[in-house]
Every structure is written in C-alpha cells, then in structure tokens.
Amino acid sequence: MAKPLWGIDLGGTKIEGVVLQPEAKPNVLARLRIPTESARGYEHIISQIKKVIGMLSVQTGLQPELIRICTPGTLDPITQTLKNSNTQCLNGKPFKQDLEQALQISIRIANDANCFALAEANMGVVQEILPKAEVVFGVILGTGVDGGVVVHNKVINGRQGIGGEWGHNVLDVSGGPCYCGKTGCVEKVISGPALENYYQSISGKTYVCQK
Ligand SMILES: [Zn+2]
C-alpha cells in the first residue's frame with residue numbers, strides 16, 4: 001500500500017493539515033486546523049506548523065518523511081526565498097530551509113492557488129463540469145487574492161514563479177493603497193477583508209464570517 005501523504009495549507013488566518021491515503025478517492029486519516037496568528041511573526045508561524053504536524057502525528061500514530069506545503073506567495077526560483085505573500089512576514093525569508101531545520105523533515109513548497117487550480121483541474125469541479133477544458137484559471141479570494149493557471153493539466157509557474165498571480169494588478173483605486181506600493185490592487189478590492197469592509201461601508205453592519 002502507498003505511504004500516506006502529509007499536506008499543510010498555510011493561510012493568512014488558519015493553518016490546515018491533512019494526512020491521507022492516496023487512493024483514487026483519497027481516504028482522509030486525519031485533518032485539523034489551527035489559527036495562523038501571523039501577527040505574532042515568522043518564528044511563530046513556523047512553530048504553529050510544527051504544532052499541526054505534532055497533532056497529526058498523535059492522531060494517526062504516524063511520522064511523516066515528507067511534507068508538502070502550499071503557501072500564499074511563492075518561493076523565488078533564484079533566491080529560494082518567499083515572495084508575494086500577503087502574510088508579509090514570510091516575504092524575503094528562506095521558508096523551506098527554515099522549516100526543514102525546525103521540523104527535521106523534507107519539505108516541498110508550492111503556491112496555494114497553483115495547488116488549488118491543479119487539484120480542481122485534475123480531480124475536482126473541472127472534471128465534473130468541463131472535463132475537456134484545456135486552460136483552467138483557479139482563483140482564491142481569501143485574506144489575499146491568488147490565482148493559478150493550469151494548461152493541459154500542468155501548472156504554469158512562469159520564469160519568476162508567479163504565473164497566474166493577479167492580486168496586484170490595479171483594479172479600482174477605491175481599494176486604497178496596498179503593501180506592494182500600488183493603489184487599488186485586485187487584492188485590495190475583492191479579498192475577504194476588502195469585501196467585509198465594503199459590506200460594512202454600505203450596510204453599516206459588520207459581517208461575521210462563518211468559519
Ligand atoms: Zn498590491
């Protein structure tokens with residue numbers, strides 16, 4: 001039987017971990033999430049990931065040999081540091097190297113929207129509604145706004161590792177200044193927090209997200 005796969009989805013507000021048996025219909029052995037608490041900084045995020053791995057190990061009685069992590073932003077193919085992450089404390093950091101040192105486990109890192117787009121193209125909704133689609137654009141509207149492009153079932157990473165990233169194209173100046181230096185980026189207009197602010201501005205009510 002194939003070895004279980006370990007995966008982590010690192011988000012701006014939560015970290016979700018899963019251990020699954022790779023079958024045609026993957027069998028989930030354990031799955032859990034904890035808050036990212038990104039405001040507490042880079043080292044804390046690493047310790048939170050370590051905590052998730054520890055909790056999954058306890059639940060399954062297994063130890064990982066390799067962990068695959070999807071993150072906001074991407075590892076720069078040249079410098080091997082993270083960039084373009086809306087969890088800004090990750091930017092400029094050798095995240096893969098630091099995680100491997102902290103966990104003493106091999107790590108593979110990929111952009112979260114690329115993983116999402118690839119999964120939907122090969123196994124998810126695209127297979128259900130448009131299985132012959134040659135080009136798939138997957139979009140994540142979360143703490144940030146991410147995108148991934150899949151052509152003929154392969155992710156287009158691009159030379160700079162940011163293929164499909166559309167969050168920092170200017171959409172509408174009403175979005176206001178962005179941490180990237182521009183004004184009105186896609187991410188400042190249609191991310192989760194931006195839509196919450198918009199709802200509040202027109203309704204006077206605070207939107208309470210059902211998490
Ligand atoms: Zn921006």
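Residues numbered from 1 in each chain as written. Predicted model: local features only at pLDDT ≥ 70, side-chain atom pairs only at ≥ 80, totals over all residues.

On to the overall build of the protein, then. Helices and strands together make up the secondary structure of the protein, namely 6 helices and 10 strands. The C-alpha atoms of the protein give 18 Å as radius of gyration, which agrees with the globular expectation for 211 residues (17 Å, within 12%). In terms of overall dimensions, the protein has a C-alpha envelope of 55 × 45 × 40 Å along the principal axes. In the protein, buried positions account for 32% of the 211 residues. Put simply, 46% of the contacts in the protein that link residues at least 6 apart link residues at least 24 apart. (Helix = DSSP H or I, 4+ residues; strand = E, 2+ residues; numbered from the N terminus. Rg over C-alpha atoms; globule rule 2.2 N^0.38 Å. Buried ≥ 20, exposed ≤ 12 C-beta atoms within 10 Å, placed from the backbone. Contact = placed C-beta atoms within 7 Å.)

As summarised here, the arrangement of the 3 strands in space is E8-E9-E10, forming an open sheet in which the pairing is antiparallel. Of all the strands in the sheet, just strand E8 (135–141) and strand E10 (154–155) have a single pairing partner and so form its edges. Against the sheet, helix H3 (residues 112–122) engages E8, strand E9 (145–151) and E10, with an angle of about 45 degrees to E9. (Pairing = 2+ DSSP bridges. Axes fitted to C-alpha atoms, helices over the stretch in contact; angles between N-to-C directions.)

What follows deals with the sheet that holds strand E3 (residues 27–35). The sheet built from 5 strands is open, its strands ordered E3-E2-E1-E4-E7 with mixed pairing. Each end of this open sheet is capped by a strand with a single partner; those strands are E3 and strand E7 (106–111). For this sheet the average axis-to-axis angle between neighbouring strands, irrespective of direction, equals 20 degrees. The pairing of strand E1 (residues 5–10) with strand E2 (residues 14–21) spans 6 bridges and is antiparallel.

Our next topic: the pairing of strand E4 (residues 66–71). The side chains of a regular strand alternate between both faces of the sheet. In this sheet, E4 lies alongside E1 in parallel orientation, the contact comprising 4 bridges. Within E4, the position partnered with isoleucine 8 by the bridge is isoleucine 69. Judged from the 6 bridges that link them, E4 and E7 form a sheet pairing that is parallel. Among the inter-strand pairings, isoleucine 67 is bridged to a residue of E7, identified as isoleucine 107.

Next up on the list: unusual backbone geometry. If you check the backbone angles, glutamate 37 has positive phi at about 50 degrees while not being a glycine. By the secondary structure assignment, glutamate 37 is in the loop between E3 and helix H1 (42–60). Owing to 14 C-beta atoms within 10 Å, glutamate 37 belongs among the partly exposed residues under this scheme. Unlike most non-glycine residues, glutamine 104 shows phi in positive territory, near 60 degrees. If you trace the backbone, glutamine 104 turns up in the loop between helix H2 (95–103) and E7. Judged by C-beta crowding, with 7 C-beta atoms within 10 Å, glutamine 104 ranks as exposed.

Here the focus is the nonpolar core. A general trend in soluble globular proteins is that nonpolar side chains are found buried together. In terms of nonpolar packing, the biggest core is built from 35 residues, with Ile8, Ile49, Ala117 and Val150 touching the most fellow members. For this core, the element with the highest residue contribution is H3, accounting for 6 residues. Split by domain, the residues of this core number at least three in each of domain 1 (5–110) and domain 2 (114–203). Sequence-distant contacts of isoleucine 49, that is, excluding residues within four places in its chain, are made with Ile8, Leu10, Ile15 and Leu99. (Core = buried A, V, L, I, M, F, W, Y, C linked by C-beta atoms within 7 Å. Domains from an automatic or database assignment.)

Within the element layout of this structure, leucine 103 appears in helix H2. Placed 56 residues apart in sequence, leucine 103 and serine 47 show a C-alpha to C-alpha distance of 9.2 Å. Discounting chain neighbours no more than four positions away, the residues touching leucine 103 are Lys50 and Ile53.

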